[in-house]
Amino acid sequence: MDLSQLEAFLAVCRIRNFTKASEHLHISQSAVTARIKALENSVGKVLLTRDNRNVSLTQAGISFVPYAERMLRLFEESKVTLSEELENYIILSGPGSVWHYYYLQHILSFRRDHPKVAIKFLSYIDSSYMIRDLLLDGIVQVAIKYDPPEHPKVTRHLLFEDEIILVSTQLRETPVSREDFFQREYCHLEWGGPFPEWFTSIVGAGYVPTLQTDHSMIMLDMLLLRAGFGFLPRSIAQPYLDQQKLFQLQCELDTPIIKAYALYLTENAEDIRVRLGLEMLGVDRIKE
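Residues numbered from 1 in each chain as written. Predicted model: local features only at pLDDT ≥ 70, side-chain atom pairs only at ≥ 80, totals over all residues. Heavy atoms only, no water.

Participant: Even after reading the chapter, I still don't get the packing of helix 1 (residues 3-15) against helix 3 (residues 29-43), so can you show me in this structure?
Facilitator: Relative orientation and spacing of two packed helices are given, respectively, by the angle between their axes and the distance between those axes. Orientation of helix 1 relative to helix 3, taken along the N-to-C sense of each, is 110°, at an axis distance of 8 Å. The angle between the axes of helix 1 and helix 3 places the two elements in the roughly perpendicular class. Two secondary-structure elements touch here, helix 1 through Ser4, Gln5, Leu6, Ala8, Phe9 and Val12 and helix 3 through Val32, Arg35, Ile36, Ala38 and Leu39. In terms of residue class, the contact of helix 1 with helix 3 is built from eight nonpolar, two polar and one charged. (Axes fitted to C-alpha atoms, helices over the stretch in contact; angles between N-to-C directions. Helix = DSSP H or I, 4+ residues; strand = E, 2+ residues; numbered from the N terminus. Parallel < 35°, antiparallel > 145°, perpendicular 65-115°, else oblique. Contact = heavy atoms within 4.5 Å. Nonpolar A, V, L, I, M, F, W, Y, C, P; charged D, E, K, R; others polar.)

Structure follows, in structure tokens:
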């Protein structure tokens, strides 16, 4: 077996979909299938079963998962151990918008100040998987999540708060009301924290927006291209508000505040990688 086979197997285990796993790994679906078949031939067991709709683990697959994760993790750690140029290897995870709009400069500055520390930051990860698997299994040292629930094994630090506001390239004379969200001019994105629940309470559970994306940069570009109006965190919108490329719209409803937290395993509080990761994010280790 090789590492690419383990990566394909674990991707399908977590996502439970061959097509989405291939997109995550940036390879073809046939390549994912071939790698898993080769892995099964190597271990001599069927690890996954699938029909037209579902992918499931066999008992052998369930037993093999922790070994596969451990082998990949040991390989990543060995690369740092064997490197004479590197002292530490930090892996962080969080929403793509957090890295792009909040911490990219932090990472680049930290990298200049710590030339012997390797950094890997992950995005486009399901938030529940990010905590349940990546953080608790020790694959990620520090994770960023909006409004995470308390967990007995996890310490959290408040990173920032952000106001969700309505913006458009065109000013409106009247405040935005509930009915406006059912118009073609409204562009939707499920921002983190309390936003999805708050928005559902406004429009109802069966609501379907006429235009929706899951990518913050695409959302921003759509609004700048006069697609209509939509919600943005103030920190993302502010440079464009200052340049009058966007305008804040009045709203009849009180919009929510989102809070982002840095999370790490409490038992790893003194791990140098955790301390370096928190330093990179510019936070002191004061328990939240």
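Let's pick the thread back up.
Participant: Whenever I open this one, the packing of helix 2 (residues 18-25) against helix 3 confuses me. Can you help?
Facilitator: Direction vectors running N to C along helix 2 and helix 3 enclose 100°, while the axes themselves pass 8 Å from each other. When the axis of helix 2 is compared with that of helix 3, the two are roughly perpendicular. Here Phe18, Thr19, Ser22 and Leu25 of helix 2 lie close against helix 3, whose contacting residues are Gln29, Val32, Thr33 and Ile36. Looking at the contact of helix 2 with helix 3 residue by residue, the class counts come to four nonpolar, four polar and no charged.

Participant: So what exactly am I meant to see when it comes to helix 7 (residues 195-203) here?
Facilitator: Residues lying three or four places apart along an α-helix face the same way, a consequence of the helix completing one turn every 3.6 residues. Within the sequence span of helix 7, burial applies to Phe195, Trp198, Phe199, Ile202 and Val203. Across the axial projection of helix 7, the buried residues extend over an arc of 120°, all falling on one side. Opposite its buried face, helix 7 presents the exposed residues Glu197 and Ser201, each directed more than 90 degrees away. Tucked inside the fold, the buried residues of helix 7 contact strand 6 (154-168), strand 7 (186-187) and strand 8 (229-233). A positive phi of about 95° marks Gly204, the residue just after helix 7. (Buried < 20%, exposed > 50% of the residue type's maximum accessible area, 1.4 Å probe, protein only. Arc of directions from axis to C-beta.)

Participant: What exactly am I supposed to notice about a nonpolar patch on the surface here?
Facilitator: On the surface, Leu104, Leu108 and Phe121 cluster together into a nonpolar patch covering about 210 Å² of accessible area. Relative to the elements of secondary structure, Phe121 occurs in strand 4 (residues 117-122). (Patch = residues over 30% accessible without salt bridge, like charges linked within 9 Å, V, L, I, M, F, W, Y side chains within 5 Å. Areas by Shrake-Rupley, 256 points an atom, 1.4 Å probe, with all protein chains shown as cover. Salt bridge = Lys/Arg side-chain N within 4 Å of Asp/Glu carboxyl O.)

Participant: Any chance you could explain the pattern of salt bridges here in plain terms?
Facilitator: Where side chains of opposite charge bring their charged atoms close, a pairing between them can arise. Applying the stated criterion to the full structure yields six salt bridges. Among the ionic pairs, Glu150 bridges to Arg156, the shortest N-O distance being 4.0 Å.

Participant: For this particular structure, what's the right way to read the packing of aromatic side chains?
Facilitator: Two descriptors summarise a pair of aromatic rings, namely the distance from one centre to the other and the angle between the planes of the rings. Taken as a whole and judged by the stated rule, the model has 21 aromatic pairs. With a centroid separation of 6.4 Å and an interplanar angle of 80°, the aromatic rings of Tyr146 and Phe160 are classed as edge-to-face. Here Tyr146 is found in strand 5 (residues 142-146), whereas its partner Phe160 is found in strand 6, with 14 residues between them in sequence. No difference in accessibility class separates Tyr146 from Phe160, as the two residues are buried. An angle of 90° between the planes, with centres 5.1 Å apart, marks the rings of Phe182 and Tyr207 as edge-to-face. (Phe/Tyr/Trp six-rings, centres within 6.5 Å; stacked < 30°, edge-to-face > 60°.)

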